[in-house]
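# Residue-level structural notes
Next come the chains, spelled out residue by residue.
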Amino acid sequence: MGFGLTGTAIKNRKNSNNIVLDYFFYFLWPFGMLVKSLFDFKNPRYKNFLWFFTVFVGLCLITTSEELDAFRYAREFELIAKTNKTIGDIFSIAYSDSGSLDIFRPLMMYLISRFTNNSHIFFAFVGVIYGFLFSRNFCYIIDKVQGDFTKFQILVLFSFLFIFPIQALQFVRFSTAAHLFFFGAMPFLFEKNTKYVFVAIASVFVHFSFFIPVAVLLVYIYLPKNVHLFFIFYILTSFFIQVKLESINTVLESNAPELLEDKVAIYGNEGYAESEVESISTANWYIQYFGKAIDYFIAVMIIYVYVFNRKYLMENMGLFTLFGFTLFFAGVANLVSLFPSGSRFIGVARLFAIAVIVLNINSLKNRPGFKMLQLVTAPVLIFFIIVALRFLVDTTGLLAYIGNPFLFFIYQDHVPVIDFIKSILGS
């Protein structure tokens, strides 16, 4: 009677040892483990390292610039922690701003301020939630791809990581709501998993404005699934419809609930719109074309999928339903974007559009002109990703890339990488 290990047992033990080594390596060098995991992105065990690195970025987030939302959130959190306010006080402060109707931010601030006044710990806990949704959404798309990944497909997939990227956790509310909505809507649409619709609805409690995506999702359930009408709607709103902001503002102010009136007036003000346009027009050229690049790519790919892949969509009802919703939601987002603060919903639409494109690519390989389309659009995606990486170094220091959680408690970095690079180039 033998007592030796079987081949399966040896393999399981080896895998277990590898996992332990991977976690050990993460705590030594989180960024290095992230890079390793992305090179083997199809391995499901590696999704946690994308999650954990997001938490680490939250811990290392540099909040010293007064221009950042993170600066305001950090000061607010520190004040709450020092004054030892009750949860009722915190909600009163939060709701004194007529636009703050969510419970996520005040609740997070209250719970975490009970044991620390360190804003870096607060952002790390935001990273726990944001990173979980961010990593699971990315891996959901990977899991639903049938067949092997092509190089172009990988490039499109990785662009998903930069729609609402890791550093977007600094915004606390909107970016978290975006990933929560996607986390709920995707399995609801793609798999008809009805319980996830409540997850999507929960995004309203993270950022009040998500009543718009939720309403679109609920309306879509009852609409006839006519992909041709959705496509026409998407094309019209993308390229042809122009509406004056003043007329939109008048309609919104006259019909908005009392609780939202002040927020509508602020964001609908034409001076506000002009300031946004001016800030974009005076920015570096790559910032001006950064968003347009991904939007043009999405528009071209969506049109191509509609023209050449409708039959495949009809044979895959989950993908067909998702495609129809993406067209409908993108069209609504285009309309809402005419109202200045509404432009953020185009980012939410991009999440679904990238998912649709990734899930269609394997069935497009032999379609007319697809090889040429890949050659033409790949540089656009590369440009988008490079600029997105440039934004990452505005709010992260060297510690995020060469350090680890232990070093954070010894040395805290207050200089973003971009300033470090500028100082070297300027010397």
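On a predicted model such as this, the values are computed, not experimentally measured, just so you know.

Contact geometry of helix α2 (residues 30-39) with helix α3 (residues 47-60) gives a least axis separation of 9 Å together with a crossing angle of 150 degrees. Taken together, the axes of α2 and α3 lie roughly antiparallel to each other. When the axes of α2 and α3 are compared, the crossing they make is left-handed. Across from P30, F31, M33, L34 and S37 in α2, the residues of α3 making contact are F49, L50, F53 and F56. Taken together, the residues that form the contact of α2 with α3 break down as 8 nonpolar, 1 polar and no charged.

Core analysis: the largest hydrophobic core is formed by 131 residues, its most contacted members being F181, F297, V348 and F352. If we skip the residues at most four places from it in the chain, V348 touches F164, F174, A178, F181, F210 and F329.

Let us now look at unusual backbone geometry. For V172, which is not glycine, the phi dihedral falls at a positive 65 degrees. Its place among the elements puts V172 in the loop between α8 (151-159) and α9 (174-191). Classification of V172 by relative accessible area gives buried; the value is 0%. Residue K192 is not a glycine yet carries a positive backbone phi of 60 degrees. Take K192: it is sitting in the loop between α9 and α10 (196-201).

As a further point, take the side chain of T63. Mapped onto the secondary structure, T63 falls in the loop between α3 and α4 (69-83). Judged by relative accessible area, T63 falls into the buried class, the value being 5%.

Our next topic: the confidence of the model for the protein chain. When pLDDT is averaged along the protein chain, the result is 84, and 82% of the positions lie at 70 or above. A low-confidence stretch, residues 264-282 stays under pLDDT 50, and its non-local contacts, those more than four residues away or across chains, total 25 contacts.

This part is about the packing of aromatic side chains. Across all of its chains, the model carries 48 aromatic pairs by this definition. Seen in terms of ring centroids, Y26 and F27 are 5.2 Å apart; in terms of plane orientation they differ by 80 degrees. Their pairing is edge-to-face. Given the relative accessible area of 5%, Y26 is considered buried. Measuring from centroid to centroid gives 5.7 Å for F138 and F158, while their planes differ by 80 degrees, and the two rings are edge-to-face. One end of the pair, F138, is in helix α7 (residues 119-144); the other, F158, is in helix α8, and 20 residues separate them in sequence. Exposure class is identical for F138 and F158. Each is buried. Looking at R75, its charged tip hangs above the ring of F71, at a distance of 4.7 Å from the centre.

On the surface, a nonpolar cluster with roughly 650 Å² of combined accessible area is contributed by L398, I402, V415, F420, I421, I424 and L425. With 4 residues, helix α23 (residues 417-426) is the largest single contributor of residues to the nonpolar patch. Along the chain, F420 falls in helix α23.

A few words now on the packing of helix α18 (residues 317-336) against helix α19 (residues 344-361). Two measures define how a pair of helices packs: the angle their axes make with one another and the distance between the axes. Between α18 and α19, the shortest axis-to-axis distance is 9 Å and the interhelical angle comes to 155 degrees. Here α19 runs roughly antiparallel to α18, going by the angle between their axes. Here α18 runs over α19; the crossing is left-handed. Here α18 contributes L319, L322, F323, F325, T326, F329, A330, A333, N334 and V336 to the contact with α19, which in turn contributes F345, I346, V348, A349, F352, A353, V356, L359 and N360.

Between side chains of opposite charge, a pair can form as their charged atoms come close. Scanning all chains against the criterion turns up 6 salt bridges. A salt bridge links E76 to R105; the shortest N-O distance between them is 2.8 Å. With E76 in helix α4 and R105 in helix α6 (residues 104-113), the pair connects residues that are 29 residues apart, well separated along the chain. R105 matches E76 in its accessibility class, with the two residues each being buried. K144 is the partner of E191 in a salt bridge, and the nearest nitrogen-oxygen pair spans 3.3 Å. Here the residue E191 occupies a position in helix α9, and K144 occupies one in helix α7, the gap between them amounting to 47 residues.

What counts as what
- Residues numbered from 1 in each chain as written.
- Predicted model: local features only at pLDDT ≥ 70, side-chain atom pairs only at ≥ 80, totals over all residues.
- Heavy atoms only, no water.
- Axes fitted to C-alpha atoms, helices over the stretch in contact; angles between N-to-C directions.
- Helix = DSSP H or I, 4+ residues; strand = E, 2+ residues; numbered from the N terminus.
- Parallel < 35°, antiparallel > 145°, perpendicular 65-115°, else oblique.
- Left-handed = near helix turned anticlockwise from the far one by under 90°.
- Contact = heavy atoms within 4.5 Å.
- Nonpolar A, V, L, I, M, F, W, Y, C, P; charged D, E, K, R; others polar.
- Core = buried A, V, L, I, M, F, W, Y, C linked by side-chain atoms within 4.5 Å.
- Buried < 20%, exposed > 50% of the residue type's maximum accessible area, 1.4 Å probe, protein only.
- pLDDT = per-residue confidence, 0-100.
- Phe/Tyr/Trp six-rings, centres within 6.5 Å; stacked < 30°, edge-to-face > 60°.
- Lys NZ or Arg CZ within 6 Å of the ring centre and 35° of its normal.
- Patch = residues over 30% accessible without salt bridge, like charges linked within 9 Å, V, L, I, M, F, W, Y side chains within 5 Å.
- Areas by Shrake-Rupley, 256 points an atom, 1.4 Å probe, with all protein chains shown as cover.
- Salt bridge = Lys/Arg side-chain N within 4 Å of Asp/Glu carboxyl O.

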